[in-house]
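Here is what each chain is made of, one letter per residue.
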Amino acid sequence: MISLRWNITGSLVVVLLQLGYTAYTARAVDAHAYGAYAVTLTVVPFFGYFANAGLSACVLRSAHLTLPFVRAARRLGMVSGVVCFLLVEAVAPVFGSFFHMPDLTLMTRLLACVFLVQPSANVTVTAMRRAGAAPMAVLTETLGQTVGVATGAALLVCGWNPFGLALAQPVAAAVALAVGTAWTARRTLPDGPRVRARDLLAPSGFMTSHSLGQFVTNNIPLWASGRLLGAGAAGSYSRAFFFTGMLLTFLYQGINWAVTPLLAERRAEGLTGRDVRRTLCAASAVAFVGFGITAGIGPVVLRLLLGPGWESAVALVPVLSAGAAMTLLCYCGGLIDQVRSAPRALLGTLSATVVATAAGVAGAASARSLLLVAVAAAAGQLVGHVVQLAAWHRSGLMPAGAALRMHGVHLAVGAALGGAAALGAADRSPAVALGHGLFAMVPVVLGCMLLRRRIPAFTVAVATGLLGSRGPRTCRLPSSAATDPSDRC
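Please read these numbers as outputs of a predicted model, since none were measured by experiment.

With that settled, the discussion passes to the overall build of the protein. A count of helices and strands for the protein gives 18 helices and zero strands. By the burial criterion, 49% of the 489 residues in the protein qualify as buried. Look at the contacts in the protein between residues 6 or more apart in sequence, and 80% of them connect residues 24 or more apart. Carbon and sulfur atoms provide 68% of the accessible area of the protein, an area that totals close to 21600 Å².

Over its 29 residues, helix H12 (residues 311-339) runs 42 Å from end to end, which matches the ideal 42 Å to within 8%, given 1.5 Å per residue. The largest bend in H12 comes to about 40°, at valine 317, with the proline proline 318 one to four residues further on. Directly after H12, the chain includes serine 341, whose backbone phi takes a positive value near 55°.

We now examine the pattern of salt bridges. Enumeration according to the criterion identifies two salt bridges in this entry. Here arginine 109 makes a salt bridge to glutamate 89, at a shortest N to O gap of 3.8 Å. A residue pair is termed long-range when its members are at least 10 positions apart, and arginine 109 in helix H5 (residues 102-111) and glutamate 89 in helix H4 (residues 67-99) qualify at 20 residues. According to the relative accessible area criterion, arginine 109 is partly exposed, its value standing at 33%. Notably, a salt bridge pairs arginine 129 with glutamate 141, separated by 3.0 Å at the nearest N-O pair. Here glutamate 141 lies in helix H7 (residues 134-157) and arginine 129 lies in helix H6 (residues 118-130), a separation of 12 residues in the sequence. Look at glutamate 141 and you get partly exposed, because its relative accessible area is 24%.

With that settled, consider empty space enclosed by the protein. Going through the model one piece at a time under the given rule, you end up with four cavities of 30 Å³ or more. Asn218, Phe241, Gly323, Thr327 and Ala377 are, among the 16 residues lining the largest cavity, the residues nearest its centre. Among the secondary structure elements, those contributing two or more residues to the lining of the largest cavity are helix H9 (197-229), helix H10 (231-269), H12 and helix H14 (370-395). When residues of the lining of the largest cavity are assigned to their parent elements, the largest contribution, five residues, is made by H10. Residue composition of the lining of the largest cavity, grouped by class: eight nonpolar, eight polar and no charged. By volume, the second largest cavity amounts to about 140 Å³.

Considering all chains together, one arrives at three aromatic pairs under this definition. Arranged with centres 6.4 Å apart and planes meeting at 70°, the rings of phenylalanine 47 and phenylalanine 95 form a pair that is edge-to-face. Linking phenylalanine 47 in helix H2 (residues 31-52) with phenylalanine 95 in helix H4, this pair joins segments that are 48 residues apart in sequence. Centroid distance tyrosine 252 to tyrosine 331: 5.3 Å. Interplanar angle 70°. Geometry classified as edge-to-face. Residue tyrosine 252 is located in helix H10, and its partner tyrosine 331 is located in helix H12; the two are separated by 79 residues in the primary sequence.

The next point concerns the environment of alanine 362. Structurally, alanine 362 can be placed in helix H13 (residues 343-366). Linking alanine 362 and serine 225, residues 137 residues apart in sequence, is a C-alpha distance of 9.7 Å.

What follows deals with the nonpolar core. Grouped together as the largest cluster of nonpolar side chains are 33 residues, with contacts concentrated most on Leu280, Phe291, Leu328, Leu329, Trp392 and Met398. Put simply, the parts of the chain that give this core at least two residues each are H10, helix H11 (273-306), H12, H14 and helix H15 (400-425). For this core, the element with the most residues is H12, which contributes 10 residues. Judged by nonpolar contacts, the second largest core, of 30 residues, contains Phe47, Leu110, Val149 and Ala166.

To characterise two packed helices, one gives the angle between the axes of the helices and the distance between these axes. Viewed as axis vectors pointing N to C, H12 and H14 meet at an angle of 25°, and their least axial separation amounts to 8 Å. Relative to H14, the element H12 is oriented roughly parallel. H14 is crossed by H12, and the crossing has left-handed handedness. Looking at the contact of H12 with H14 residue by residue, the classes come out as 16 nonpolar, eight polar and one charged.

So, about unusual backbone geometry. Asparagine 161 connects to proline 162 through a cis peptide bond whose omega is 10°. Tracing the chain through its elements places proline 162 in the loop between H7 and helix H8 (168-186). If you check the backbone angles, arginine 368 has positive phi at about 60° while not being a glycine. Checked against the element boundaries, arginine 368 lands in the loop between H13 and H14.

Along the chain, threonine 327 turns up in helix H12. Of the residues examined, threonine 327 reaches a relative accessible area of 7% and is grouped as buried. Ignoring any residue separated from it by four or fewer positions in sequence, one finds threonine 327 in contact with Leu248 and Gln381.

Turning our eyes to something else, we now look at the packing of H11 against helix H16 (residues 430-440). At their nearest, the axes of H11 and H16 sit 9 Å apart, and the two run at 155° to each other. When the axes of H11 and H16 are compared, the pair comes out roughly antiparallel. Between H11 and H16 the crossing geometry is left-handed. Of H16, the residues touching H11 (which contributes Ile297, Val300, Val301, Arg303 and Leu304) are Pro430, Ala431, Ala433, Leu434, Gly437 and Leu438. Looking at side-chain class alone, the contact of H11 with H16 contains nine nonpolar, one polar and one charged residues.

About the cut-offs
- Residues numbered from 1 in each chain as written.
- Predicted model: local features only at pLDDT ≥ 70, side-chain atom pairs only at ≥ 80, totals over all residues.
- Heavy atoms only, no water.
- Helix = DSSP H or I, 4+ residues; strand = E, 2+ residues; numbered from the N terminus.
- Buried < 20%, exposed > 50% of the residue type's maximum accessible area, 1.4 Å probe, protein only.
- Contact = heavy atoms within 4.5 Å.
- Areas by Shrake-Rupley, 256 points an atom, 1.4 Å probe, with all protein chains shown as cover.
- Expected span 1.5 Å × (residues − 1).
- Bend = angle between axes of the 7 residues up to and from the residue.
- Salt bridge = Lys/Arg side-chain N within 4 Å of Asp/Glu carboxyl O.
- 1 Å grid on protein atoms, 1.4 Å probe; cavity = no way out; pocket = protein on both sides within 12 Å on 5 of 7 lines; lining within 4 Å.
- Points joined across faces, edges and corners; volume = space filled by probe spheres on them.
- Nonpolar A, V, L, I, M, F, W, Y, C, P; charged D, E, K, R; others polar.
- Phe/Tyr/Trp six-rings, centres within 6.5 Å; stacked < 30°, edge-to-face > 60°.
- Core = buried A, V, L, I, M, F, W, Y, C linked by side-chain atoms within 4.5 Å.
- Axes fitted to C-alpha atoms, helices over the stretch in contact; angles between N-to-C directions.
- Parallel < 35°, antiparallel > 145°, perpendicular 65-115°, else oblique.
- Left-handed = near helix turned anticlockwise from the far one by under 90°.

These results come straight from atomic positions and should not be treated as a statement about function.
Written out as structure tokens, the structure is:
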């Protein structure tokens, strides 16, 4: 659980660093120039799925981490990165002409330099996490982000505006790769059989395809909003989606980096239902409680950030918070299916999510309702998680009834916190509403503390050592598959 604390702390520091950098660049770079950079950020990451080739996921969920395995992954990442770099350099003028933005060509070519170092950096830092050196991995990434942001800001100050923006990510990846390589050279990884690059292509290729499917699913609502409802609707949706999506990324990365190595180790001994229950319990609590609070207090925070004129975006926050909660559950369920090597389960979940999201968004867009588009996106993720629960129930890993009872308790806590915050903030100015909303949650928090032994997440946290407890370990949500009180969640 030390890994979980370090990963969450590191993610929080990086998020705050990025928010500060965004606030600075918003004032240092004019809107037109920043628009070219924003478009670049939607083009280059698409190629990044192929450059990274799913190698980080392969390393993170490897049952036994060996030196030949890490070396083969780094070599493959280097080759795929160079190929994608050359491809983007060649097609960059096409993007500039298509969007009629002269700065876009150079911006894209500069940002593409990240492919020369990021795939190898990702593999190296992931290997650090898989080897149990989460604190060093967090420090490495945080140092890279700090140096990258400082470099980008310094270039802007020196007058290389706006192109200094595009070099922050390549510099951050280069620093992380240098520090990670130095750590790897001093760390003695166990030797093992020779691993060829083509041995990694099949699993990494599958993970790349799966990530692309998730990318498409998450962007269907935005694309439909822009195409069918207009640029204004797409702008409102993207503002609200970025707000909830930033929290989603922060929470998911913390869970992924901490839980996946533990599950991979357990897989070597035989992944059990207890491992699945504890992982899902943690994800359930984080999703429903975290985004329950976001649904209640998030509209006030977004009003403060965006100012007047964005009422349609603010209205989407509660619905998108519900969708983010279901997305987090789907993603964490995908981690379980990845570790237990269940590609059919992953494809089944992804297929159900894509079909449900596309059908729901099409119906909502035809009704000319942006709010219904957000509802359809949340419903699509809900369908995907239901498919996951059904698969686990059939395989005997997790009884569906126990999972639903667990979700019900965490949903009740999150709804109570969010509802109290919304009632406290109602009919007040944004600055005053924020304070009232936070204060209104205090009675609910006190009530949860009194009833904490009835909350599944608390009992699992005590059982795994994340929290201390003076009393006996008990849990009020029995499961027929449990063998001791701490396993019943």
